[in-house]
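As a plain string of letters, each chain reads:
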Protein chains: 2
Amino acid sequence: AAAAAAPQKPTGAKKAPKPKAVELKNAKGTRDFGPFEMRIREKVFQIITDTYKRHGAVQIDTPVFELKSLLLGQYGEDSKLIYDLADQGGEILALRYDLTVPFARYLAMNRNIKNIKRFQIAKVYRRDNPQIQRGRLREFYQCDFDIAGDFNAPMVPDAEVLSIADEALRKLELGPFTIKVNHRKLLTAALGMAGVPEDLHHTACSSIDKLDKQSKAEVQKELEQKGVTAEAVQKFYLMVDTVTQESSMQVALDKLRDILASTTGVDAEAAAAWTAPLEELVLLEKYLQALGVTSVKFELSLARGLDYYTGLIFEAVLEGALVGSIAGGGRYDNLVGKFSPRNNIPCVGFSLGVERIFSILEAKVKKNAEAELAATQVYVISNSKESITDRMAISSKLWAAGINTEFSHRANPKLLDQFGHCEKNGIPLAVIYGDAEKENKVIKIRNVSTRVETTVPFEDLVSELTKAIQSLEL
Amino acid sequence: AAAAAAPQKPTGAKKAPKPKAVELKNAKGTRDFGPFEMRIREKVFQIITDTYKRHGAVQIDTPVFELKSLLLGQYGEDSKLIYDLADQGGEILALRYDLTVPFARYLAMNRNIKNIKRFQIAKVYRRDNPQIQRGRLREFYQCDFDIAGDFNAPMVPDAEVLSIADEALRKLELGPFTIKVNHRKLLTAALGMAGVPEDLHHTACSSIDKLDKQSKAEVQKELEQKGVTAEAVQKFYLMVDTVTQESSMQVALDKLRDILASTTGVDAEAAAAWTAPLEELVLLEKYLQALGVTSVKFELSLARGLDYYTGLIFEAVLEGALVGSIAGGGRYDNLVGKFSPRNNIPCVGFSLGVERIFSILEAKVKKNAEAELAATQVYVISNSKESITDRMAISSKLWAAGINTEFSHRANPKLLDQFGHCEKNGIPLAVIYGDAEKENKVIKIRNVSTRVETTVPFEDLVSELTKAIQSLEL
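Residues numbered from 1 in each chain as written. Chains lettered and ligands numbered in written order. Predicted model: local features only at pLDDT ≥ 70, side-chain atom pairs only at ≥ 80, totals over all residues. Heavy atoms only, no water.

**A word on the overall build of chain A**
Quick reminder of the rule: Here a helix means four or more residues in a row that DSSP labels H or I, a strand means two or more in a row labelled E, and each is numbered from the N terminus. The reference for a compact globule is 2.2 Å times residues^0.38; the radius of gyration itself is calculated from the C-alpha atoms. The classification of residues rests on relative accessible area computed with a 1.4 Å probe and restricted to protein chains. Under 20% of the type maximum is buried, over 50% is exposed, and intermediate values are partly exposed. In this analysis, two residues are considered to be in contact whenever any of their non-hydrogen atoms come within 4.5 Å of each other. The method behind every accessible area is Shrake-Rupley, applied with a 1.4 Å probe, and residues are considered shielded solely by the protein chains displayed. Under this rule, positive means Lys or Arg and negative means Asp or Glu; His and the chain ends count for nothing. Taken as the charge location is NZ of Lys, CZ of Arg, CG of Asp or CD of Glu.
Of regular secondary structure, chain A possesses 18 helices and 15 strands. Compactness check: chain A gives a C-alpha radius of gyration of 30 Å against a globular reference of 23 Å for 474 residues, more than 25% above the reference. If one aligns the C-alpha atoms of chain A with their principal axes, the spans along those axes are about 100 × 70 × 45 Å. Sorting the 474 residues of chain A into buried and exposed places 55% on the buried side. Residue pairs at least 24 apart in sequence account for 68% of intrachain contacts in chain A once pairs closer than 6 positions are excluded. For chain A, the accessible area works out to roughly 20,900 Å², and carbon and sulfur atoms hold 51% of it. Taking the average location of the 62 positive side-chain charges in chain A and that of its 62 negative ones, the two points are 7 Å from each other.

Dropping the structure here:
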């Protein structure tokens, strides 16, 4: 069959049929990462991993597909974006849509875990409209950090989660950013206080979530079509505006408290519903001050689409950038209990949208970095005939000493070509072992950029080269 | 909808229907990796990545699914194990079966790449019979290293690839191993010399590949059913045995040459077909000597199932272990050309079967390592009331200084509980900031295992703690 793969020769008078060409493309909405992109990805993952570990997190991993039944009912209207696997006579499976639901399954299955700070870096899948240039893909990485467990410490894990998101984004050096926060229960309470009937809260939230992309008039039209009165919309917009004008979260919360406390004509239940979530945000603000987090801003119109959030919700956006949010998360206290009713664990966490971060950094970093791609330190060179086994034996010694080494695979490469290879690929050192060196039991170490050569005894090669590498690193 | 997720309260006289429990399991043949397993996985990947980079390799990544048309016709009988995605109205997609075919597609699409040493570490998918305990899964990692390009240097990249496989397996410290090598063309030539008709070579190879699991008699029976004569089987077995008895590859090749040269009654074409591949292996053996690789053994019955191999083939097995092969690879000179006929690039490479390696190492390493899971260096402790914002502010300073730090999330944790947490979790240092320290503007640094405490000025905390961490590492 390997032979059949090769282009067929014409036989006889008639030409053989052309082999059918395979369509050469990536699946829609997916991309390859070449060496340049991978270097950026490696660095980004290292920064994120270091940040998460700095806060005591451990790593887990889950499979790329789950039983489809696990994913149903978790993602609201977006469930239509789930990739299904074909029914090939076994279980009904689907590709994971996020890392949160698999984490909740993991907790529900591992009941001995009562407390965990975990992170997971893995790809998730959504059959959405891709915009590859803007980092919006159908296959993309999420870098999740979550704290699960009952700490009897309201808003403390929430504050630490926000401080970790803030720290990771600062370390990534993407430019100034804002983390917009809200509280799911405060949002619905505010809708109630504005006069939106309770049965419309869920659908109203998904309209309000569009306020960062659409005009107020457009969103109002949509809300009215859903049955919300114009008066209720206006009342709610007044709250949103009052809050948005304040850059201090503390002042914004005080003003919102004043508005809500002075609202009349609502029933007692609605009037009571806003107090607890608002005071939670006041406590959060106090903790964020202690943690030195200054990027957080309260935004009452932030809704977030996922159904599983129950408390704090937040999203990070880069100032002046068009890439949308680069991180998002919140508290989800009932998701594990949904899978394991007698062993519920409250959770709070977030996900970094690293594809957008990759896009930003790829555009920033100049693509002339070819010379730095491979981390090769030494190139083993010879101009002797039949030198290949010598070059192999020397390379083998250097690999054993932990030195990143390459040699030309040609039998008789030219000296100039070998030097040129070093310069083109940014290899800093060469060792030269020709006929003269072999006869005198010595070997030359050459600094590729200065072209200075040092002759050393052959048996001292590893120690001398190690010194040369150390002096390069200074 | 978040509220709907919580267990429903009974309303009225009738009990509300129980919420339907979600089935809590992993998809068949897949597993989660907990923090303990992830630590092993991280170490294994680090060793492998370091080895690949030591030889000048760069990393790429490709999507988890490909157009199904790309995968068809590459995997022989095993194509039935491919996972298909459901047809949801777009392209016909399938999960990747290995990393080799996506790499060949990548080369075919990136025609500027004429030469590359690349590695890729990623999951692949096969609907095979899983045996999770033995590390045989439906979702599993492969760690691939390949050299693509025309080096005008027969067997040099082949030899380097073998030396890298050898080096990675040695660094992983799994115990003694053997790398069995063969040559696809030598195998088919030997079959021809034994009297197996050419049209049966492909199917005969898949029977012969079973000789490591089944008896010679069983394989002979299967071959005879396929139409191979008993005499041909016996002639071929004689060659296999002659070779197998020799631990020196050089001697084995010499003996096989003698047998093939003295074989009579075959046509001239068959008699000529074995010379070139046998001499390639002789050259390979010379290079392996220069590279200091001693784990390689020639085995004429090694066939390997994949259709795309065209030259060297090899498989690594642990001595005395039952896990099957832990690495495998070979030369595939026509695969890129199949996708891009005018831009063919010859390739040689291999894949490390790390799931089996994980299984071996997980069994080796004692699972008492909980204490070492998180890399937390410092725990911030207080016995003052309302100390949480102090503990947060101190932690924030330490994170900014790059120190891995945690604190209790409780408002008023007991001193003993906090010390106990450090001891249980192997956190080496604590800083203590109670009322007395606060008043005197000092802070205590405590070595958790020796219980020695040092009082330092509060403003010197970071520098003193950095010193304490450095002295721990000595």
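**Description of the sheet that holds strand S1 (residues 58-59) of chain B**
All names here are of chain B. Using the following cut-off: Pairing between two strands requires that DSSP report at least two bridges joining them.
If you trace the eight strands from one edge of the open sheet to the other, you get S1-S4-S5-S10-S9-S8-S6-S7, paired in mixed fashion. The sheet terminates laterally at S1 and strand S7 (296-298), the two strands that pair on one side only. Of the strand pairs in this sheet, strand S5 (residues 139-149) and strand S10 (residues 347-352) are connected by six bridges, and their pairing is antiparallel. When the sheet's bridge partners are listed, aspartate 146 is paired in S10 with glycine 349.

**Observations concerning the interface of chain B and chain A**
Just so we agree on the cut-off: By definition, the buried area sums, over both parts, the 1.4 Å-probe accessible area that each loses when the two are put together. Put simply, a salt bridge is a Lys or Arg side-chain nitrogen that is within 4 Å of an Asp or Glu carboxyl oxygen. Definition of a polar contact: a pair of N or O atoms within 3.5 Å, with one able to donate and the other able to accept a hydrogen when the atoms are protein atoms, and with sequence-neighbouring residues admitted only if both atoms are side-chain atoms. Polarity classes work like this: nonpolar for Ala, Val, Leu, Ile, Met, Phe, Trp, Tyr, Cys and Pro, charged for Asp, Glu, Lys and Arg, and polar for all others, with Gly in that last group.
Contacts between the two partners involve 96 residues from chain B, matched on the other side by 95 residues from chain A. The contact between chain B and chain A buries some 8,600 Å² in all, and 60% of this surface belongs to carbon and sulfur atoms. When the buried area of chain B at its contact with chain A is split by residue, Leu24, Trp399 and His409 of chain B rank highest and sum to 9% of it. Where chain B packs against chain A, one counts twelve salt bridges. In this structure, arginine 105 of chain B and aspartate 32 of chain A form a salt bridge, with 2.9 Å as the shortest nitrogen-oxygen distance. Where chain B packs against chain A, one counts 39 residue pairs in polar contact (both at pLDDT 80 or more). Broken down by class, the residue content of the side of chain B that touches chain A amounts to 49 nonpolar, 22 polar and 25 charged.

**Remarks on the relation of the copies chain B and chain A**
Counted only if it meets this: Residues reaching a pLDDT of at least 70 in both copies supply the C-alpha atoms on which the copies are superposed by least squares.
Structural alignment of chain B on chain A gives an RMSD of 0.1 Å, achieved by rotating through 180° and translating 0.0 Å along the axis. Those values place the two copies in the arrangement expected of a two-fold rotation axis. Comparing interface residues between copies, 99% of those in chain B also lie at the interface in chain A; the contact surface is shared.

**So, the state of the cysteines**
Among covalent bonds in proteins, the disulfide is the one between the sulfur atoms of two cysteines. Stated precisely, the cut-off is as follows: Cysteine sulfur pairs qualify as disulfides if the two atoms are within 2.5 Å.
Enumeration according to the criterion identifies zero disulfides over all chains in this entry. Cysteine 143 of chain A takes part in no disulfide bond, and the closest cysteine sulfur to it belongs to cysteine 347 of chain A, at a distance of 19 Å.

**A word on the packing of helix H8 (residues 216-225) of chain B against helix H9 (residues 230-244) of chain B**
Residues and elements named next belong to chain B. Here is the rule we go by: Here an angle of 0 to 180 degrees is reported between the N-to-C directions of two axes, which are lines fitted to C-alpha atoms, with helices fitted over the stretch in contact. Should an angle fall under 35 degrees it is taken as roughly parallel, and over 145 as roughly antiparallel, whereas 65 to 115 is taken as roughly perpendicular and any remaining angle as oblique. By definition, turning the near helix anticlockwise from the far helix through less than a right angle yields a left-handed crossing, and turning it clockwise yields a right-handed one.
The interhelical angle for the contact between H8 and H9, taken along N-to-C directions, is 140°, at an axis separation of 10 Å. By the criterion of interaxial angle, the relationship of H8 to H9 is oblique. Of the two possible hands of crossing, H8 and H9 adopt the one that is right-handed. Residues Lys216, Val219, Gln220, Leu223 and Glu224 of H8 form the contact with H9, whose participating residues are Ala230, Val233, Gln234, Tyr237 and Asp241. When its residues are assigned to classes, the contact of H8 with H9 shows five nonpolar, two polar and three charged.

**Quick word on the pattern of salt bridges**
Applying the stated criterion to the full structure yields 62 salt bridges over all chains. Connected via shared salt-bridge partners are Arg41, Lys123 and Glu139 of chain A together with Asp61 of chain B.

**Digging into the side chain of arginine 126 of chain A**
Residue and element names in this part refer to chain A. Structurally, arginine 126 is set in the loop between strand S4 (115-125) and strand S5 (139-149). Buried and unpaired, arginine 126 has no salt bridge, with aspartate 98 as the nearest side chain of opposite charge at 5.1 Å. If near-sequence neighbours (up to four positions away) are discounted, arginine 126 is found in contact with Leu81, Tyr83, Tyr97, Asp98, Leu137, Arg138, Phe140 and Gln142.

**Overview of the sheet that holds strand S14 (residues 442-447) of chain B**
Residue and element names in this part refer to chain B. The strand order across the open sheet formed by five strands is S12-S11-S13-S14-S15, and the pairing between neighbours is mixed. The open sheet terminates on both sides in strands that have one partner only, identified here as strand S12 (405-407) and strand S15 (453-457). Across the sheet, the mean angle separating the axes of adjacent strands is 25° when strand polarity is ignored. Across four bridges, strand S11 (residues 378-381) lies against strand S13 (residues 429-432) in parallel orientation. Note that in S13 the partner of valine 378 across the bridge is leucine 429.

**Notes on the domain arrangement of chain A**
The condition is simple: In this entry, domain limits derive from an automatic or database-based domain assignment.
Here chain A is partitioned into domain 1 (35-364) and domain 2 (374-473). Look at where the C-alpha atoms of domain 1 of chain A and domain 2 of chain A centre, and you get two points 54 Å apart.

**Notes on the environment of glutamine 142 of chain A**
Residues and elements named next belong to chain A. Inspection of the secondary structure puts glutamine 142 in strand S5. For glutamine 142 and valine 354, which are 212 residues apart along the polypeptide, the C-alpha to C-alpha distance reads 6.3 Å. Leaving out residues up to four positions away in the same chain, glutamine 142 has contacts with Asp98, Leu99, Gln120, Ile121, Ala122, Val124, Arg126, Ser351 and Leu352.

**Looking at the packing of aromatic side chains**
Residues and elements named next belong to chain A. Inclusion rule: Stacked, tilted and edge-to-face are the three classes applied to pairs of Phe, Tyr and Trp rings, where Trp contributes its six-membered ring and a pair requires centres within 6.5 Å; stacked means planes under 30 degrees apart, edge-to-face means over 60, and tilted covers the rest.
All told, the structure shown has 32 aromatic pairs over all chains when counted by the stated rule. Between tyrosine 52 and phenylalanine 350, the aromatic rings sit 6.0 Å apart at their centres with planes inclined by 85°, giving edge-to-face as the arrangement. With tyrosine 52 in helix H2 (residues 35-54) and phenylalanine 350 in strand S10 (residues 347-352), this residue pair connects regions lying 298 residues apart in the sequence. Like tyrosine 52, the residue phenylalanine 350 is buried in the burial classification.

**Some details on the pairing of S13 of chain B**
Side chains on a regular strand alternate between the two faces of the sheet. Residues and elements named next belong to chain B. What you see with S13 is no split at all: Leu429 and Val431 on one side and Ala430 and Ile432 on the other are buried throughout. As defined by bridge partners, S13 adjoins S14 across four bridges and the pair is classed as antiparallel. Bridge pairing links leucine 429 to asparagine 447 in S14.

**Remarks on the packing of helix H9 (residues 230-244) of chain A against helix H10 (residues 249-262) of chain A**
Packed helices, taken two at a time, are described by the angle their axes make and the gap between the axes. All names here are of chain A. Put simply, H9 and H10 touch, their axes get as near as 8 Å, and they point 155° apart. One finds that H9 runs roughly antiparallel with respect to H10. Note on packing geometry: the crossing formed by H9 with H10 is right-handed. Of the residues in H10, those in contact with Met239, Thr242 and Val243 of H9 are Ala252, Lys255, Leu256, Ile259 and Leu260. Broken down by class, the residue content of the contact of H9 with H10 amounts to six nonpolar, one polar and one charged.

**A closer look at unusual backbone geometry**
Residues and elements named next belong to chain A. One non-glycine residue, glutamate 173, lies in positive phi territory at about 50°. Position of glutamate 173 among the secondary structure elements: in the loop between helix H5 (156-171) and strand S6 (177-183). Overall, glutamate 173 belongs to the exposed group, its relative accessible area being 60%. The phi dihedral of lysine 441 falls on the positive side, at around 55°, and the residue is not glycine. Accessibility expressed as a relative area gives 63% for lysine 441, which makes it exposed.

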